[in-house]
Amino acid sequence: MTIDPSTAAAEIGVAAFVDNITAIRALVAPAAVMVVVKADGYGHGLLTMAAAARSAGIEWLGVAVPGEARQLRMAGDDGRLFCWLYGPTEDLTDLVTADVDLGVSSLGELERVVSATRQSARRARVHLKIDTGLSRNGAPAAAWPELCRTAAEVADLVEVVGVWSHLAAAEEIGHPSIEAQVQAFDTAVAVARSAGLDPVLRHLANSAGALGLPATRYEMVRLGIAAYGVDPGVDVAARAGVELQPVMTLRAGLVQVKELTAGSGVSYGHTWTAPYDTVIGLVPIGYADGLLRQAGNHASVTVNGRQVPIVGRVCMDQCVVDLGPGAVDRAGDPVVIFGRGGQQANELAADCGTIGYEIVTRIGPRLRRVVSPGLQED
Ligand SMILES: Cc1ncc(COP(=O)(O)O)c(C=O)c1O
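Right, let's walk through the structure included here. (Residues numbered from 1 in each chain as written. Predicted model: local features only at pLDDT ≥ 70, side-chain atom pairs only at ≥ 80, totals over all residues. Heavy atoms only, no water.)

**Some thoughts on helix α11 (residues 345–352)**
At step 1: When we look at burial in α11, the residues that qualify are A345, L348, A349 and C352. Looking straight down α11, one finds that the buried residues subtend no more than 105° of arc, so they occupy a single side.
At step 2: Buried-residue contacts for α11 involve β18 (334–338) and α12 (356–361).
At step 3: Just downstream of α11, G353 is the residue with a positive phi angle, here 70°. (Buried < 20%, exposed > 50% of the residue type's maximum accessible area, 1.4 Å probe, protein only. Helix = DSSP H or I, 4+ residues; strand = E, 2+ residues; numbered from the N terminus. Arc of directions from axis to C-beta. Contact = heavy atoms within 4.5 Å.)

**Let's talk about the pattern of salt bridges**
At step 1: Taken as a whole, this structure holds 14 salt bridges when the rule is applied.
At step 2: For the salt bridge of D99 with R125, the shortest nitrogen-to-oxygen distance reads 3.0 Å. In this pair, D99 sits in the loop between α5 (93–97) and β5 (101–104) while R125 sits in strand β6 (residues 124–129), placing the two residues 26 residues apart along the sequence.
At step 3: On the basis of relative accessibility, which here comes to 27%, the residue D99 falls in the partly exposed class.
At step 4: Of the charged contacts, one joins R123 and E159 as a salt bridge, the two residues approaching to 3.8 Å between their closest N and O atoms. Taken together, the positions of R123 in the loop between α6 (107–120) and β6 and E159 in strand β7 (residues 158–164) put the pair 36 residues apart, joining distant regions of the chain.
At step 5: Residues participating in the shared-partner salt-bridge network are R80, D99, D101, R122 and R125. (Salt bridge = Lys/Arg side-chain N within 4 Å of Asp/Glu carboxyl O.)

**Structural notes on the environment of L46**
At step 1: You can see L46 is positioned in helix α3 (residues 46–55).
At step 2: Accessibility expressed as a relative area gives 2% for L46, which makes it buried.
At step 3: Each C-alpha atom, one on L46 and one on T249, is 17 Å from the other, the two residues being 203 residues apart in sequence.

**Details of the packing of aromatic side chains**
At step 1: Going through the model one piece at a time under the given rule, you end up with seven aromatic pairs.
At step 2: Judged by centre distance (5.0 Å) and plane angle (40°), the ring pair of F17 and Y228 falls under tilted. Of the two residues, F17 is situated in helix α1 (residues 14–28) and Y228 in the loop between β9 (220–223) and α10 (236–239); the sequence distance between them amounts to 211 residues. Take F17 and Y228: they sit in the same class, and that class is buried.
At step 3: On the basis of an interplanar angle of 15° and a centroid distance of 4.7 Å, the ring pair of Y42 and Y228 is categorised as stacked. Of the two residues, Y42 sits in helix α2 (residues 38–42) while Y228 sits in the loop between β9 and α10, which places them 186 residues apart along the sequence. (Phe/Tyr/Trp six-rings, centres within 6.5 Å; stacked < 30°, edge-to-face > 60°.)

See below:
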């Protein structure tokens, strides 16, 4: 089912990941760093990235959904693990048994954690989530006091170790939501304390907050995209004095090179017609592998160290690049779609009208994640 890695692969630089984490850890200290490994480690491989984060000394990992937490536990990870997104009918018992910390956004979720503790005969650890203005999950301010009071009443079954929230626009300098969210967060923590709770871990910041907004760091930051070497915005890391290294390199070899006469149409729909006699190359990566269709006629790749445009529509399995008149590239020559030796994921993203997050998390299952050093696969 997978493409031979000598033809195309996503190379994962574990050392770069560890270096990014180490640099950001030093920046945010004494706040702790939770490394977020949801969505298959942002497309890089859940187990590989989790193990790499642990090897870098990271105490906390974060995942979105229970399946991700279960996969980590089944693989033997027994460190602190936070999971925050589950549906109204999911049974949480095995998560409580497996010592997974749960995010709780509502009374209904709290009740379900309580029932899970009864089933598992174990006290649960939860982090209550306040919606400070993202208007995504989290308890609205009006429901917060009751959530805190109820959590305090079931303290023998549920230990509230944290209060948390998520920022809406941390990468935008001076965005008015930042100040408002910090204030709402502080108010929520005060309410929790007055209800008798002792949330020792306050966490609000994502990568952009961790890098650029010291007031959002509290006891812990939840670090996602920056750990993978992708800037959460424009120069957010550089402004914080952190040099991020790309962790994923999407690379391939040209599978065919041929001459094309002026006036020939290329790929489905002939959305590009060669304006001159030229040489085209076939790259064995398409939208099923995560090279977005929007890249056709908008983005470029690096072939033999030079940037060449993707011409015509990106197909499911392949795309075509214009190597230029007289090009002497040959089948097998190296192509970097993004990463080391090529453009950054954010640059490809900009050409496709999206963000680097989507570029790395969309890499399809046919492409092997080849891990260096060591060249194991996740
Ligand atoms: C709740 C939560 N915390 C932290 C993160 C990490 O964010 P980032 O990748 O911007 O660091 C995410 C990712 O979207 C998230 O959903």
